[in-house]
Amino acid sequence: SIDLNHCQIGDAGARLLAQALKDNNEEKFIGPSIQKMEALKPWGFDINMGCPAKKVVSGYSGSALLKDLDHALRLIEAVVQAVNLPVSLKTRLGWDDQTKNIVQVAEGLQDVGIKALSIHGRTRVQLYKGEADWTLIGKVKENSRMQIPIFGNGDIDTPEKAKEYKDRYGVDGIMIGRASIGY
């Protein structure tokens, strides 16, 4: 059986956490808020820093956090420090083609305590258009500094392609998104 008892910090939750950091209230707000979610007894927390939806990024959440890595890392570190459970994260290669800084982002995320990282092979500007760039996902996995599991995501629409990409890019696992529901 699959245990789906987890909490994903995305959309409204991320906006509230981002606002708390903006107001310098992380100790006052983030800790108690996350601890309330922790009372639900999830096996861990997953932060969605990859959502490209306009309604999410306009609230400085999801992939909008890629525009200010220092702010994002402070936010994520506050979450990691507030819980006694593993925190994972999903993100994208960068905001746009000029800011494909996923290697630096991944190192920073690991440094603040993220326990696993899923990377979608497109930028926010690309949304779901064009081909996912798995070469950069592979570079993260090949980075000798990286010690956490790296999962790749993007354009995986068959079991054969999942195995091919896992083998080719050396990732620890594959995340299947929209293709799992026919997109």
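Residues numbered from 1 in each chain as written. Predicted model: local features only at pLDDT ≥ 70, side-chain atom pairs only at ≥ 80, totals over all residues. Heavy atoms only, no water.

1. Structural notes on the nonpolar core
I76 and I150 are the most contacted members of the largest nonpolar core, which has 39 residues in total. Secondary structure elements with two or more residues in this core: β2 (45-49), α4 (69-82), β3 (87-92), α5 (102-111), β4 (116-120), α6 (134-142) and α7 (159-169). Looking at this core, the element that brings in the most residues is α4, giving eight residues. For I150, the residues in contact, after removing those within four places along its chain, are L117, I119, I137, V140, K141, V171, D172 and G173. (Core = buried A, V, L, I, M, F, W, Y, C linked by side-chain atoms within 4.5 Å. Buried < 20%, exposed > 50% of the residue type's maximum accessible area, 1.4 Å probe, protein only. Helix = DSSP H or I, 4+ residues; strand = E, 2+ residues; numbered from the N terminus. Contact = heavy atoms within 4.5 Å.)

2. Thoughts on the environment of I148
Among the secondary structure elements, I148 is positioned in the loop between α6 and β5 (150-153). Residue I148 is classed as buried on the basis of its relative accessible area of 10%. Setting aside residues no more than four positions away along its own chain, I148 makes contact with Q110, I114, K115, A116, L117, K141 and D172.

3. Looking at the pairing of β3
Consecutive side chains of a regular strand alternate in pointing toward one face of the sheet and then the other. Within β3, five of the six residues are buried, which leaves it mostly tucked inside the rest of the structure. When β2 meets β3, the two strands line up parallel, connected through five bridges. The residue of β3 that forms the bridge with D46 is S88. In this sheet, β4 lies alongside β3 in parallel orientation, the contact comprising five bridges. Of the residues in β4, the one forming a bridge with L89 is L117. Regarding topology, α5 serves as the crossover connection from β3 to the parallel β4, and that connection is right-handed. (Pairing = 2+ DSSP bridges. Right-handed = clockwise from strand over helix to strand, strands pointing away.)

4. A short note on the side chain of R92
If you trace the backbone, R92 turns up in strand β3. No salt bridge is formed by the buried R92; the nearest opposite charge belongs to D155, separated by 9.8 Å. Separated by 2.9 Å, the side chain of R92 and the backbone oxygen of T123 make a polar contact. (Lys, Arg positive; Asp, Glu negative; His and termini not counted. Salt bridge = Lys/Arg side-chain N within 4 Å of Asp/Glu carboxyl O. Polar contact = N/O pair within 3.5 Å; in protein donor to acceptor, adjacent residues only side chain to side chain.)

What is shown is where atoms sit, not what they do.
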